[in-house]
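Each chain, written out:
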Amino acid sequence: MAVYRKIASQLRDEIMTQYSTGDLLPPESRLADRFSVNRHTVRRAIDELVQDGLVRRYQGLGCKIVQTPIDYALHDRAAFSHNLNQIGLGLETEIVRCEQVVLPAALAGQLDLALGVRVHELRTRRLVEGDPVCLIRHYLFGLPDAALDAFSGGSLHQFLRDEWSISLRRGTTRLRARMPTLDECTQLSISRGIPVMEVHTHNYCRDTGVLREYSIARSRSDLFEYSVEPKP
């Protein structure tokens, strides 16, 4: 095994047992002295930890231990804000764009909807403890023109319940991992080497069974673990 991989393996074990989220690794110079190698070898070892999502480099600060992956359960009541609030994480919602658009033809065909149908498109960026973790594109169906004018952040599903008496349940969900685009790297503050998990979800009205939302979420794969809960 290459020396830098051995160092990475030892540091990985120490991170799991001796460090907490937010702690800094010792400087590269100190690690180089400790392992009797040059700083280039230490840098390659830390590169492995960055790729694993265990640490993140900060200019002028060093390498910080990141939080353990967030366990995100997929069930019929799952919603992003609700899930993260349930485990006590501070969540912020940034509204990137909110407008009425014509549903893309490919998506209309996929959803068996007529071409040219107009929908509300809401794009949000979600941050946990100030760090960007997820980008979500929501397509909302059958809402009045001004339905989202009062939405300023927080849980979209809670807003729909409170303002429009629309309660949603999760339907079919598809997941896939892929490499991020340059824009996603910028918005999520990640390198090109960290995949994103893309989650496509149908959300239906609980009362009528009609499709009211189709969402596409792109989250950092180094920060989330998805679990699928079987139906009772």
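Quantities reported herein were computed from a predicted structural model and do not represent experimental measurements. (Residues numbered from 1 in each chain as written. Predicted model: local features only at pLDDT ≥ 70, side-chain atom pairs only at ≥ 80, totals over all residues. Heavy atoms only, no water.)

Caption draft 1: Main features of helix H1 (residues 3-18). Along its 16 residues, H1 runs 22 Å from first to last C-alpha, staying within 8% of the 22 Å computed at 1.5 Å per residue. Within the span of H1, buried status applies to Tyr4, Ile7, Ala8, Leu11, Glu14 and Ile15. In a view along the axis of H1, the buried residues occupy a sector of 125 degrees, so they form one face of it. Opposite the buried face of H1, by more than 90 degrees, sit the exposed residues Asp13, Met16 and Thr17. (Helix = DSSP H or I, 4+ residues; strand = E, 2+ residues; numbered from the N terminus. Expected span 1.5 Å × (residues − 1). Buried < 20%, exposed > 50% of the residue type's maximum accessible area, 1.4 Å probe, protein only. Arc of directions from axis to C-beta.)

Caption draft 2: Representation of the sheet that holds strand E6 (residues 131-140). Strand order across the open sheet formed by six strands is E4-E5-E6-E9-E8-E7, with antiparallel pairing between neighbours. Pairing within the sheet leaves two strands with one partner each, and these edge strands are strand E4 (91-102) and strand E7 (168-178). Going from strand to strand, the sheet's axes swing by 15 degrees on average, the running direction of each strand aside. On top of the sheet, helix H6 (residues 156-164) reaches strand E5 (118-128), E6, E7, strand E8 (196-205) and strand E9 (211-220); it is set at about 40 degrees to E6, its chief contact. (Pairing = 2+ DSSP bridges. Axes fitted to C-alpha atoms, helices over the stretch in contact; angles between N-to-C directions. Contact = heavy atoms within 4.5 Å.)

Caption draft 3: Quick look at unusual backbone geometry. Here Ser36, not a glycine, exhibits a phi torsion of approximately 55 degrees, which is positive. Within the secondary structure, Ser36 sits in the loop between helix H2 (28-35) and helix H3 (39-51). Residue class for Ser36 comes out exposed when judged on its relative accessible area of 67%. With a phi angle near 60 degrees, Asp112 is a residue other than glycine that sits in the positive phi range.

Caption draft 4: The arrangement of the pattern of salt bridges in detail. Within this structure, the stated rule accounts for 15 salt bridges. Close ionic contact of Glu121 with Arg137 constitutes a salt bridge, the shortest N to O distance being 3.6 Å. Here Glu121 is found in strand E5, whereas its partner Arg137 is found in strand E6, with 16 residues between them in sequence. Overall, the relative accessible area of 4% leaves Glu121 in the buried class. Arg137 sits in the partly exposed class, given a relative accessible area of 23%. One salt-bridge network, held together by shared partners, links Arg176, Arg178, Glu184, Glu198 and Arg218. (Salt bridge = Lys/Arg side-chain N within 4 Å of Asp/Glu carboxyl O.)

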